[in-house]
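# Tertiary structure, described
Letter by letter, the chains look like this.
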Amino acid sequence: ARGASLTDFAEKIGVDAASLVQMLFHLGEMVTATQSVGDETLELLGEELNYKVEVVSPEDEDRELLESFDLEFGADEGDEADLVVRPPVVTVMGHVDHGKTKLLDALRGADVVAGEAGGITQHIGAYQVHTEVDGEDRRISFIDTPGHEAFTAMRARGSQSSDIAILVVAADDGVMPQTVEALNHAKAAEVPIVVAVNKVDKPEADPTKVRGQLTEYGLVPEEYGGDAMFVDVSAKAGINLDKLLEAVVLTADASLDLRANPHQDAQGLVVEAHLDRGRGPVATILVQRGTLRVGDSIVAGPAHGRVRAMLDEHGNEMAEADPGRPAMVLGLSSVPGAGQNFIVVEDDRVARQIAEKREARERAALQAKRRVRRTLEDFMAS
Ligand code: GDP
Ligand code: MG
């Protein structure tokens, strides 16, 4: 909570910032909602609200929990000799209507944009494609989440979810506010960018203008002497999709060392999860290291279970998923949150114990929030 504003704090504990301002005023402190407040003020509020304000991060707490089971998320990959090349994990970003969904669908070779207007879209949330570069079969994993909530959630949790960002810019519209926003996101995450100049099938498309505009934002095309690859594409007409995939692979090879050890218990991230009427909790996960196998005991956020089945992007069953591979996992006890991590553990008992501790912690935090809200309501009423 250090350096947080009163608004941030109010949000964290689920109350309205104005009441906190009023309460602090009553306690003799003049603070505005957007002002950042120190630990002392938070503790003062805490005392009044009968709420223990502890300045600890949930991440640290979770690290300690895992440590108590001799586990570590993001542990050392082990021997250099065991490392193998893994596919890059890619997110597609860009301004609304510039063709993110269309491009993701074109790349996966199916069209669900048409169904988006009316029907229900079945999303696996992540998928992998194969492409040939210099006669070699190369794989690329895409994170395909509506609105990129997972990406944001993962970033908020400090976990790096993607290696490369494809920035989609419609050539008939040019750089727009969300283009710049996406660009800044990727830069902040130090994720290399490949630009897909989309909609080049349109007569009014002006791909050169897009290059000029992005150059002004410091994203300089290779052909202008910079280091970003720009590819003119049409998601709709299927133009240059292979070139785009190739640019992703080349960018990965040039600027990233993407290797992981498949010979260990799997760890990774939950990309998205939902409750399926027939199949129960279904989670799309991304294996970041190790190999996930059917039958493994896993804990994902506050959910646990044994991997009953794994499905790929085509709905086919998989026996195992190697580093960089997304998969749909069946068999969890509940629905984990997007961006939460998963980790393979020794057995079901350990998985359940960790899950129960996390659940208890989440519950305690929720109860504390409720208590604060009640106290605050009483205070406002008095
Ligand atoms: P998103 O908001 O970035 O996900 O954009 P969508 O993928 O939903 O695309 C917005 C609109 O642009 C849709 O009507 C698409 O059919 C259209 N569109 C996307 N890509 C292309 C393209 O390459 N060419 C043309 N002409 N239209 C496209
Ligand atoms: Mg979309």
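The preceding data block contains the structure.
Now for a quick tour of the structure. This is a predicted model, so every value here is computed, not measured. (Residues numbered from 1 in each chain as written. Chains lettered and ligands numbered in written order. Predicted model: local features only at pLDDT ≥ 70, side-chain atom pairs only at ≥ 80, totals over all residues. Heavy atoms only, no water.)

### Focus: a positive patch on the surface
- A surface patch of positive charge is lined by Arg 370, Arg 371, Arg 373 and Arg 374.
- Among the structural elements, Arg 374 can be located in helix α11 (residues 348-381). (Patch = residues over 30% accessible without salt bridge, like charges linked within 9 Å, V, L, I, M, F, W, Y side chains within 5 Å. Areas by Shrake-Rupley, 256 points an atom, 1.4 Å probe, with all protein chains shown as cover. Salt bridge = Lys/Arg side-chain N within 4 Å of Asp/Glu carboxyl O. Lys, Arg positive; Asp, Glu negative; His and termini not counted. Charge placed at Lys NZ, Arg CZ, Asp CG, Glu CD. Helix = DSSP H or I, 4+ residues; strand = E, 2+ residues; numbered from the N terminus.)

### Looking at the packing of helix α2 (residues 17-26) against α11
- Where α2 meets α11, the axes come as close as 11 Å, and the angle between the chain directions of the two elements is 65°. As for how α2 packs across α11, the hand of that crossing is left-handed. Note on element contacts: α11 touches α2 through Leu 376, Phe 379 and Met 380, opposite Ser 19, Leu 20, Gln 22, Met 23 and His 26.
- Looking at the contact of α2 with α11, its residues break down into 5 nonpolar, 3 polar and no charged. (Axes fitted to C-alpha atoms, helices over the stretch in contact; angles between N-to-C directions. Left-handed = near helix turned anticlockwise from the far one by under 90°. Contact = heavy atoms within 4.5 Å. Nonpolar A, V, L, I, M, F, W, Y, C, P; charged D, E, K, R; others polar.)

### Here we look at the packing of helix α5 (residues 100-108) against helix α10 (residues 241-255)
- Here α5 crosses α10 at 90°, and the two axes come no closer than 10 Å. The angle between α5 and α10 falls in the class roughly perpendicular. Note on element contacts: α10 touches α5 through Leu 241, Leu 244 and Leu 245, opposite Leu 103, Ala 106 and Leu 107.
- A per-class count over the contact of α5 with α10 returns 6 nonpolar, no polar and no charged. (Parallel < 35°, antiparallel > 145°, perpendicular 65-115°, else oblique.)

### Description of the site of ligand 1
- If you check the shell around ligand 1, you find 15 residues, and the closest are Asp 97, Lys 100, Thr 101, Lys 102 and Asp 201.
- For ligand 1, an oxygen atom lies 2.8 Å from a polar atom in the backbone of Lys 100.
- The separation between an oxygen atom of ligand 1 and a polar main-chain atom of Lys 102 is 2.8 Å.
- Contact with the protein chains covers 80% of the free accessible surface of ligand 1, which is 580 Å².
- At 3 residues, α5 tops the list of elements feeding residues into the shell around ligand 1.
- Looking at the shell around ligand 1, its residues break down into 2 nonpolar, 6 polar and 7 charged. (Near = heavy atom within 4 Å. Polar contact = N/O pair within 3.5 Å; in protein donor to acceptor, adjacent residues only side chain to side chain.)

### Considering the packing of aromatic side chains
- By the definition in use, this model includes 1 aromatic pair.
- With 5.4 Å between their ring centres and 25° between their planes, Tyr 127 and Phe 142 make a pair best called stacked. Highlighted residues: Tyr 127 in strand β3 (residues 126-133) and Phe 142 in strand β4 (residues 136-143), separated in sequence by 15 residues.
- On the basis of relative accessibility, which here comes to 1%, the residue Tyr 127 falls in the buried class. (Phe/Tyr/Trp six-rings, centres within 6.5 Å; stacked < 30°, edge-to-face > 60°. Buried < 20%, exposed > 50% of the residue type's maximum accessible area, 1.4 Å probe, protein only.)

### Let's talk about a negative patch on the surface
- Judged by side-chain charge, Glu 61, Glu 64, Glu 67, Glu 72 and Asp 76 come together as a negatively charged surface patch.
- Mapped onto the elements, Glu 67 comes out in helix α4 (residues 58-67).

### A short note on the pattern of salt bridges
- All told, the structure shown has 18 salt bridges when counted by the stated rule.
- Its salt-bridge partner being Glu 77, residue Arg 289 comes within 3.7 Å of it at the nearest N-O pair. With a gap of 212 residues between them, Arg 289 in strand β10 (residues 280-289) and Glu 77 in the loop between α4 and β1 (84-85) connect regions that are remote in the sequence.
- Each of Asp 62, Arg 358 and Arg 361 takes part in one network of salt bridges that share partners.

### Topic: the pairing of strand β9 (residues 267-276)
- Burial within β9 is extensive, with 7 of its 10 residues counted as buried.
- Bridge count between β9 and β10: 9 bridges; the pairing is antiparallel. Across the sheet, residue Leu 275 finds its bridge partner in β10, namely Pro 281.
- Counting the residues that bridge the hairpin from β9 to β10 gives 3 residues.
- Sheet topology note: the β9/strand β17 (residues 341-345) ladder contains 3 bridges and is antiparallel. (Pairing = 2+ DSSP bridges.)

### Quick look at unusual backbone geometry
- In this structure, Asp 97 takes a positive phi of about 70° despite not being glycine.
- Despite not being glycine, Asn 240 has its phi angle at roughly 60°, a positive value.
- Positionally, Asn 240 belongs in the loop between β7 (229-232) and α10.

### Topic: the sheet that holds strand β5 (residues 164-170)
- What the 6 strands build is an open sheet, ordered β3-β4-β2-β5-β6-β7; its pairing is mixed. Looking at which strands have only one partner, the edges of the open sheet turn out to be β3 and β7. Adjacent strand axes in the sheet meet at a mean angle of 30°, parallel and antiparallel pairs treated alike.
- Two elements, β5 and strand β6 (residues 193-198), share 6 bridges in a ladder whose sense is parallel. Paired with Val 168 across the bridge in β6 is Ala 196.

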